[in-house]
Amino acid sequence: MMFTIKKWQKSAAILTALLMAGLVAPVALAPSAAAASDGVRIDTGGTNQTSRSLVLPLNKMAVVELPRDVSDVVVAQPDKVEAVVRSPRKIYIIGMEVGQTNAFFFDNKGREILNLEIRVERDLDALSEVYSRILPNARLQVEAVNDNIILRGVVANNSEAQQAFDIAVRYVGDPLLVMNMLTIRERGQVMLKVRIVEMQRRLIKQLGIDSNGTAVIDNNVFDLAIDNSFAVNGSSLGGLNAAARLAANGNLRRLDLNFDAFEQMGLVRVLAEPNITAVSGEPASFLAGGEFPVPAASGLGTTSIEFKKYGVGLGFTPVVLSKGRINLKIKTEVSDLSATTGVTIGGFIRTNPDTGEQERVEGFTVPGLNVRTAETTVELPSGGSLAMAGLLQENIQSAVEGLPGLKDVAVLGQLFRSNDFLRNETELVIIVTPYLVEPTHMSNLSSPDDGFKSASDAEMVLLGKLESNNGMRPQSTDRNLQGPLGFIID
């Protein structure tokens, strides 16, 4: 027969009535069971010979067998632990919620049979079994604190640590309940080498004819003028300028012809190789360039100055998943100042207080930026290279302008039209290479000023040298070195 003893509630009601009537004096609670001089004894559990402790898995049951018949069972927090009396000497303890509580067991004479300290925790046996199957080489220890899980132990790399954390999150359902205290055995450092190569080719061709003259027809004077503007480039950029004049005594008095011929080819090569090292999982950034001022309105008619960065920039976050896998989140940027994309803030007219004349105050130009940016996430082995980004761009602009009708005439039409041609070609490649690196002794490292010694006055005046050969350190004869290595060597 199953029944629950509730005599404790009846005794508590009687004791409360006696206290209110003043028949029983209140007693201060002691931290442990002890007999005072007035014969009062207080037992808070867990400190005497009848005390026991129990770690009970959540939603599971334990069976308590007693040496003699029980009469009263009192549980401090029935919502966390439920006690069911199956027989006078056998009680079932069921874990209902995660937490701590205690229970007292008394016989029919009021003597204490057992006080039980109970801690209800999550059952981690299933989680430990999953870890043993999925991560057999990891030394993991799982502990429960109330409703939280603590992961301790040693794993090989970041990949195993993340897998262990994800499994624990799936088990409890909330990442805030998982405390990750795992130690990574091989927390590597990653050096990222980025090679940025850009080639720009430019071709400009201009052929223009300006003509002006005066013609007299039937005593009427007519002026003729044709000016080319070179619509693509905006103006003549130079080259050959030739002029010719034709004069006649008849109706045509004068004709002046100006020929503009120009061709230009340009080549720009940009090479940058930023290198930066960071611990696995930590971000790092690098910038080789500068800052330029930009005016910004700050309210109430005032203007403040902000500085914008430009140059070769690199930012990345490496994560070493294993010896053969490095996860890289990379952002690289190459920017340079450009007057063509800038903004000119106009000036204003004011009166000179000294002369009273009107004068113009010139404005200022804020330069723009030509930016090439690439951002991605890749996985590479140590020493492996990958072309992270590439660009092949070609812009062609061409314009023909002249006098309508006459510019289309065969042969002679060349005298009445102008050609302007512009072609830009850009090729950009960004190559990334990560390396797992370890610290070394300072003597194994070099810097650009190793072996540098300034030239003496005699060497500078007589030989035109800026550095002395006596200070140059001899090059290493180690055949294991692989290029490109070193610094600027002539």
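Since this is a predicted model, take the numbers as computed values, not measurements.

1. Focus: the sheet that holds strand 7 (residues 90–95)
Then comes step 1: Sheet architecture is open: 3 strands sit in the order 4-7-6, paired in antiparallel fashion. Each of the sheet's edge strands pairs with one partner strand only, and the pair in question is strand 4 (61–65) and strand 6 (81–87). For this sheet, the mean angle separating the axes of adjacent strands, direction not counted, is 25°.
Then comes step 2: Direction of pairing for strand 4 relative to strand 7: antiparallel, over a ladder of 5 bridges. Each bridged residue has a counterpart across the sheet, and for alanine 62 the counterpart in strand 7 is isoleucine 93.

2. Side note on the sheet that holds strand 11 (residues 148–155)
Then comes step 1: Sheet architecture is open: 3 strands sit in the order 10-11-12, paired in mixed fashion. Bordering the open sheet on either side are strand 10 (139–145) and strand 12 (178–184), each of which pairs with just one other strand. Ignoring which end each strand starts from, the neighbouring axes of this sheet average 10° apart.
Then comes step 2: As judged from the 7 bridges shared by strand 10 and strand 11, these two strands associate in the antiparallel manner.

3. Thoughts on the nonpolar core
Side chains of a nonpolar character, in soluble globular proteins, are inclined to be buried together.
Then comes step 1: One finds Leu192, Val194, Ile196, Phe316, Leu328, Ile330 and Val432 to be the most contacted residues of the largest nonpolar core, which totals 23 residues.
Then comes step 2: Each residue touching phenylalanine 316, except ones within four places of it in the same chain, is listed here: Val190, Leu192, Ile276, Ala278, Glu282, Pro283, Ala284, Leu328, Lys329 and Ile330.
Then comes step 3: If you look at the next biggest cluster of nonpolar residues, it comprises 20 residues, including Leu127, Tyr131, Leu135 and Leu151.

4. Regarding the packing of aromatic side chains
Then comes step 1: Applying the stated criterion across every chain, the model contains 2 aromatic pairs.
Then comes step 2: A centroid spacing of 6.2 Å and a plane angle of 10° characterise the contact between phenylalanine 104 and phenylalanine 106, whose relative ring orientation is stacked. Like phenylalanine 106, phenylalanine 104 is buried.
Then comes step 3: Arranged with centres 6.0 Å apart and planes meeting at 55°, the rings of phenylalanine 292 and tyrosine 310 form a pair that is tilted.

5. Details of the pattern of salt bridges
Pairing of side chains with opposite charge becomes possible as their charged atoms draw close.
Then comes step 1: Counting across every chain of the model gives 16 salt bridges.
Then comes step 2: Among the ionic pairs, aspartate 336 bridges to arginine 372, the shortest N-O distance being 3.0 Å. Of this pair, aspartate 336 sits in strand 20 (residues 325–345) while arginine 372 sits in strand 23 (residues 364–380), placing them 36 residues apart in sequence.
Then comes step 3: Note on arginine 372: relative accessible area 13%, which makes it buried.
Then comes step 4: Through salt bridges with shared partners, one network takes in Arg68, Asp107 and Arg111.

What counts and what doesn't
- Residues numbered from 1 in each chain as written.
- Predicted model: local features only at pLDDT ≥ 70, side-chain atom pairs only at ≥ 80, totals over all residues.
- Heavy atoms only, no water.
- Pairing = 2+ DSSP bridges.
- Helix = DSSP H or I, 4+ residues; strand = E, 2+ residues; numbered from the N terminus.
- Axes fitted to C-alpha atoms, helices over the stretch in contact; angles between N-to-C directions.
- Core = buried A, V, L, I, M, F, W, Y, C linked by side-chain atoms within 4.5 Å.
- Buried < 20%, exposed > 50% of the residue type's maximum accessible area, 1.4 Å probe, protein only.
- Contact = heavy atoms within 4.5 Å.
- Phe/Tyr/Trp six-rings, centres within 6.5 Å; stacked < 30°, edge-to-face > 60°.
- Salt bridge = Lys/Arg side-chain N within 4 Å of Asp/Glu carboxyl O.

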